[in-house]
Amino acid sequence: MASHCCFSLLTPHNLKFRLWFLYNLFTVIGIVSGQLSSNFYGTSCPSALATIKSGVNTAVSKEARMGASLLRLHFHDCFVNGCDASVLLDDTSNFTGEKNAGPNANSLRGFGVIDTIKSQLESQCRGVVSCADIIAVAARDSVVALGGPSWTVQLGRRDSTTASLNAANSNLPGPGSSLSQLISSFSNKGFTTKEMVALSGSHTIGQARCTVFRARLYNETTINSSFAASVKANCPASGGDNNLSPLDTTSPTSFDNAYFKNLISQKGLMHSDQQLFSGGSTDSQVTAYSSNSGSFTTDFANAMVKMGNLSPLTGTSGQIRTSCGKVN
């Protein structure tokens, strides 16, 4: 009989209250276990966002290219096992990181900027702000510093204690990728073809090394002849592998939609760039972005939020690295 006493107390009002209580309890548990939020450091490190922004602005004002490098760092982090700062881990005698993977070796930059920001944050709020969050915020602030759109970065990522050289070699699309390979690479991470085109618009800033576009320059016919001639002056048929050329020759340090206009004029620097406008399924999207910069920047910002949400470590997973280049 005793077991029946409690049920007599479950009036409609009490039942509604208990359901409300359980709902809120599980909501709180969900947040604690690791949902990202825009104000994650609101009380634990209120100076975090301002410190990251200041560090990025200082770096970009010294070298505009650094903005593109920090944006690319975020992309190369998130596409390999999620946004977990694995890309920052240095090789050791018994650990192989991602820095020397084919898409990263001798081309990823900005590690020093992230380290400087991390050092400042450690002095302000020790062991609180993750390297993964620093990369995500730095990417947004870099775009803004070069005149591009802003977006709300969700925060609360934690840092991995592992990395994957193999995944870095296989997950990141290369400069020689075909359109179908690009679509597949992004689709594997949950992106639509339209989002892939929008994210490719990040090539409106930054530079590339001669070695990654030489084959297009000298072997392909889908390239503007005067554009090719001007680039060949800095990228000979042999030698000069590390000579740089802007991905967007029109406005290389401004985040705008000139990249798409260049593609229509067959002035894509890399093979993978021009593939977006080569008689394929993405031609119409390139045309749309070339004539509507607002549409491009809105779609780009939304796609960046989505990219920042790729498989983050949250809750008690991973750790907050004290130094971004090594595990604690």
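All of these numbers come straight from a predicted model, not from anything done at the bench.

### As for the packing of helix α4 (residues 65–78) against helix α6 (residues 131–145)
Two quantities define a packed helix pair, namely the angle between the helix axes and the distance between the axes.
1) Next: As a packed pair, α4 and α6 sit with axes 8 Å apart at the nearest point and diverge in direction by 140°. For the crossing formed where α4 meets α6, the hand is left-handed. On α6, the residues that touch Gly67, Leu70, Leu71, Leu73, His74 and Asp77 of α4 are Ile135, Ala136, Ala138, Ala139, Ser142 and Val143.
2) Next: Here the contact of α4 with α6 is composed, by residue class, of eight nonpolar, three polar and one charged.

### Quick look at the side chain of Arg214
1) Next: Looking at where Arg214 falls in the secondary structure, it is placed in helix α10 (residues 210–219).
2) Next: Look at Arg214 and you get buried, because its relative accessible area is 15%.
3) Next: At 3.2 Å, the side chain of Arg214 forms a polar contact with the backbone oxygen of Ala237.
4) Next: Once you skip the residues sitting within four places of it in the chain, Arg214 turns out to touch Cys235, Pro236, Ala237, Ser238, Gly239, Gly240 and Asp241.

### Describing empty space enclosed by the protein
1) Next: Following the criterion strictly, the structure yields one cavity of 30 Å³ or more and no others.
2) Next: Looking at the largest cavity, its volume works out to about 60 Å³.
3) Next: Among the elements that line the lining of the largest cavity, the one with the most residues is helix α15 (residues 293–308), at three residues.
4) Next: Along the lines of polarity and charge, the residues of the lining of the largest cavity split into five nonpolar, five polar and one charged.

### Looking at the UniProt feature "binding site: Ca(2+) 1" (unreviewed entry) in the protein chain
1) Next: Within the UniProt annotation, "binding site: Ca(2+) 1" (unreviewed entry) is assigned to Asp77, Val80, Gly82, Asp84, Ser86 and Glu98. These annotated residues cover 22 residues of sequence, and their C-alpha atoms all fall within 13.0 Å of one another, placing them together at a single site.
2) Next: Of note, Gly82 is situated in the loop between α4 and α5 (111–124).
3) Next: We classify Gly82 as buried; its relative accessible area is 4%.
4) Next: Setting aside its immediate chain neighbours within four residues, Gly82 contacts Asp77, Leu310 and Ser311.
5) Next: Structurally, Glu98 can be placed in the loop between α4 and α5.
6) Next: Given the relative accessible area of 0%, Glu98 is considered buried.

### Focus on the environment of Asn94
1) Next: By the secondary structure assignment, Asn94 is in the loop between α4 and α5.
2) Next: Assessed through its relative accessible area of 71%, Asn94 is described here as exposed.
3) Next: A distance of 3.0 Å separates a polar atom in the side chain of Asn94 from a polar atom in the side chain of Thr92.

### Examining the layout of surface pockets
1) Next: When its volume is computed, the largest pocket comes out at roughly 820 Å³.
2) Next: Lining the largest pocket are 37 residues, with Arg72, Phe75, His76, His203 and Met270 sitting closest to its centre.
3) Next: Put simply, the parts of the chain that give the lining of the largest pocket at least two residues each are α4, α8 (179–187), α9 (193–200), β1 (207–209), α13 (271–274) and α15.
4) Next: Broken down by element, the lining of the largest pocket gets its largest block of residues, seven residues, from α4.
5) Next: The residue makeup of the lining of the largest pocket, split by class, is 21 nonpolar, eleven polar and five charged.

Definitions and cut-offs
- Residues numbered from 1 in each chain as written.
- Predicted model: local features only at pLDDT ≥ 70, side-chain atom pairs only at ≥ 80, totals over all residues.
- Heavy atoms only, no water.
- Axes fitted to C-alpha atoms, helices over the stretch in contact; angles between N-to-C directions.
- Helix = DSSP H or I, 4+ residues; strand = E, 2+ residues; numbered from the N terminus.
- Left-handed = near helix turned anticlockwise from the far one by under 90°.
- Contact = heavy atoms within 4.5 Å.
- Nonpolar A, V, L, I, M, F, W, Y, C, P; charged D, E, K, R; others polar.
- Buried < 20%, exposed > 50% of the residue type's maximum accessible area, 1.4 Å probe, protein only.
- Polar contact = N/O pair within 3.5 Å; in protein donor to acceptor, adjacent residues only side chain to side chain.
- 1 Å grid on protein atoms, 1.4 Å probe; cavity = no way out; pocket = protein on both sides within 12 Å on 5 of 7 lines; lining within 4 Å.
- Points joined across faces, edges and corners; volume = space filled by probe spheres on them.
- UniProt positions renumbered as here; feature names shortened; annotations may be inferred.

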